[in-house]
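Chain by chain, the residues run as shown.
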Amino acid sequence: MNKVSTENAAEPLFELDRRVRDLFAPYRRTPLVKALRKVGQAGDQPQLRALGAGLFVLGLVRSDPQMMRAATRMLLSHELATLAKSAIKHRIDRARPRSAAGDGDHKPKPGRKTAKEDTSFPSGHSAGAIAVASAFAALYPEHRAKALGAGGLIGLVQVPTCAHYPSDVAVGLSLGAAVDFGVGLAWRRIAFLGG
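Positions within a chain are numbered from 1, following the residues in the order the chain's sequence is written. In view of the model being predicted, local features appear only for residues whose pLDDT reaches at least 70, and side-chain atom pairs are presented and counted only at 80 or more, with totals across whole chains, interfaces and linings using the full set of residues. Hydrogens and waters are ignored; side-chain quantities use all the structure's heavy atoms.

**Q** What am I meant to see in the overall build of the protein here?
**A** Working definition: helices are DSSP H or I runs of at least four residues, strands are E runs of at least two. Numbering for both runs from the N terminus. When you go through the protein residue by residue, the secondary structure sums to 7 helices and 2 strands. Written out in order from the N terminus, the α and β elements of the protein read α-α-α-α-β-β-α-α-α. Values of the radius of gyration come from C-alpha atoms, whereas the globule rule sets the reference at 2.2 Å times the count of residues to the power 0.38. Since a compact globule built from 195 residues should have a radius of gyration of about 16 Å, the 18 Å found for the protein is in line with a globular shape. In the protein, which comprises 195 residues, the proportion classed as buried is 39%. Contacts are residue-level and defined by heavy atoms, with any inter-residue pair within 4.5 Å sufficient. Considering only contacts within the protein whose residues lie at least 6 apart along the sequence, 70% involve residues at least 24 apart. Using the Shrake-Rupley algorithm and a 1.4 Å probe, accessible areas are obtained, with residue cover drawn only from the displayed protein chains. Accessible surface, the protein: about 10500 Å² in total, of which carbon and sulfur atoms supply 66%. A positive count includes Lys and Arg, and a negative count includes Asp and Glu. His and the chain ends are not counted in either. For charged residues, the charge sits on one atom: NZ in Lys, CZ in Arg, CG in Asp, CD in Glu. Each charge class in the protein can be summarised by its mean position, and for the 28 positive and 16 negative side chains these summaries are 4 Å apart. Burial classes: relative accessible area under 20% of the type maximum marks a residue as buried, over 50% as exposed, and values in between as partly exposed (1.4 Å probe, protein chains only).

**Q** I'm lost on the side chain of Lys 89 in this one. Help?
**A** Along the chain, Lys 89 turns up in helix H4 (residues 65–89). Whenever Lys or Arg places a side-chain nitrogen within 4 Å of a carboxyl oxygen from Asp or Glu, that contact is recorded as a salt bridge. Among buried charged residues, Lys 89 stands out as having no salt bridge; its nearest opposite-charge side chain is Asp 168, 6.8 Å away. Any pair of nitrogen or oxygen atoms within 3.5 Å is treated as a polar contact; in protein, a donor-acceptor pairing is required on top of that, and neighbouring residues in sequence qualify only through side-chain atoms on both sides. Polar side-chain contacts of Lys 89 include one of 2.9 Å to the backbone oxygen of Pro 122. What Lys 89 contacts, discounting residues up to four positions off in sequence, is Arg 96, Lys 113, Thr 119, Ser 120, Phe 121, Pro 122, Gly 124 and His 164.

**Q** What's the story with the packing of helix H3 (residues 45–62) against helix H5 (residues 124–139) in this structure? I'm lost.
**A** Two measures define how a pair of helices packs: the angle their axes make with one another and the distance between the axes. Between N-to-C directions, angles cover 0 to 180 degrees, with each direction set by a line fitted to C-alpha atoms, over the stretch in contact for helices. Following both chains from N to C, one finds H3 and H5 inclined at 20 degrees, their axes separated by 10 Å at the closest point. With respect to H5, the element H3 is oriented roughly parallel. Regarding H3 and H5, the two cross each other, and that crossing is left-handed. Contact residues: H3 offers Leu 48, Leu 51 and Leu 55, while H5 offers Gly 128, Ala 129, Val 132 and Phe 136. In these notes the angle categories are as follows: under 35 degrees is roughly parallel, over 145 is roughly antiparallel, 65 to 115 is roughly perpendicular, and the rest is oblique. By convention the crossing between two helices is left-handed if the near helix lies anticlockwise of the far one by an angle smaller than a right angle, and right-handed if it lies clockwise.

Have a look at this one:
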């Protein structure tokens, strides 16, 4: 498939992204969207690292090996998801919805920009949040729905806050889930070899 046909195939997705941006942009500064932005900040790297580290310390205090394993996997999945999304972000330029100036700014294109407002694709909050949620759910399956729901919510609120386009979030969620899936495979392999 050549470049032109690939761009044409993705055009409906980019049009959806643009329409969603145009739908939410007028409400970006409303109290409700500002409140959603606070929810979305739970997916920031320091908060997710603190969550994993706090859970590990709690596991130590309680002498709870399962909790320490969950925390370790959460931290590992988060860091690998962060590395993966950064590798992609540093190769694709895309203006964030809140910063897009022209009609073509919502389309991702090859590039090497590093400014936050030029690196919307993919959503790192979505990748990190779902990687951490998936890691936790793997060791606490009884809390799977709540954990994945919280991780998905952190990703979804990136859209009405105009931090990301729907496709940024979809790719971020997929990336984070795939990273934790890989960590899970390696985790089982190491456990199998260890004993």
